[in-house]
Amino acid sequence: MVLSAEPGLAVGDRVVIGLDEAVLLRGAFIVYLLPVALMLLAGSVGDLLARQAGMASDLPALVAAAAGLAGGLALAAARLRHVRPSPGRFLRRVGPEDQLSGSLLSPAED
């Protein structure tokens, strides 16, 4: 991620940054959905071919699903190497009184 330096910030400061929703969704699709979709598709094709060949074993579907997952992960990795880093936005500095609350930083409650 590329983030322009803000005045008054030093290395090690905790900050909150903002990301464009479309960039976040595209990244999630590439990293999570693509490999799983290819795994399910390849497993289904493997099962279909095994049934047509008269095999009663699930092994062809398992092998095809594993190959689909591996192919999906390789495709996702290759795709991510060609993705241009998206600029984040500095939103605010996190102070010592702030704590993690779910996925958002909020002031600590006593």
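Computed from a prediction, not measured in an experiment: that's the story for all the values here.

Caption draft 1: Local environment of the overall build of the protein chain. What the protein chain contains, in helices and strands, is two helices and four strands. Along its sequence from the N terminus, the protein chain presents helices and strands in the succession β-α-α-β-β-β. Put simply, the protein chain shows about 8200 Å² of open surface, and 65% of that area lies on carbon and sulfur atoms.

Caption draft 2: Highlighting helix α1 (residues 21–52). Along its 32 residues, α1 runs 44 Å from first to last C-alpha, staying within 8% of the 46 Å computed at 1.5 Å per residue. Elements that come into contact with the buried residues of α1 comprise α2 (59–81). Phi turns positive, to about 80°, at glycine 54, one or two residues after α1.

Caption draft 3: Spatial organisation of α2. In this model α2 runs 33 Å from its N-terminal to its C-terminal C-alpha over 23 residues, within 8% of the 33 Å that 1.5 Å per residue would give. All of the buried residues in α2 are Ala61, Ala64, Ala65, Gly68, Gly72 and Ala76.

Caption draft 4: Structural context of the confidence of the model for the protein chain. Overall, the predicted model of the protein chain reaches an average pLDDT of 81, with 79% of residues at or above 70. No element of the protein chain has a lower mean pLDDT than strand β4 (residues 104–107), which averages 52, and none a higher one than α2, which averages 93.

Caption draft 5: Representation of the environment of leucine 33 in the model. Residue position: leucine 33 is located in helix α1. On the accessibility criterion, leucine 33 (47% relative accessible area) is partly exposed. Considering only alpha carbons, one finds leucine 33 and alanine 76, 43 residues apart in sequence, at a separation of 9.6 Å.

Calculation criteria
Residues numbered from 1 in each chain as written. Predicted model: local features only at pLDDT ≥ 70, side-chain atom pairs only at ≥ 80, totals over all residues. Heavy atoms only, no water. Helix = DSSP H or I, 4+ residues; strand = E, 2+ residues; numbered from the N terminus. Areas by Shrake-Rupley, 256 points an atom, 1.4 Å probe, with all protein chains shown as cover. Expected span 1.5 Å × (residues − 1). Contact = heavy atoms within 4.5 Å. Buried < 20%, exposed > 50% of the residue type's maximum accessible area, 1.4 Å probe, protein only. pLDDT = per-residue confidence, 0-100.

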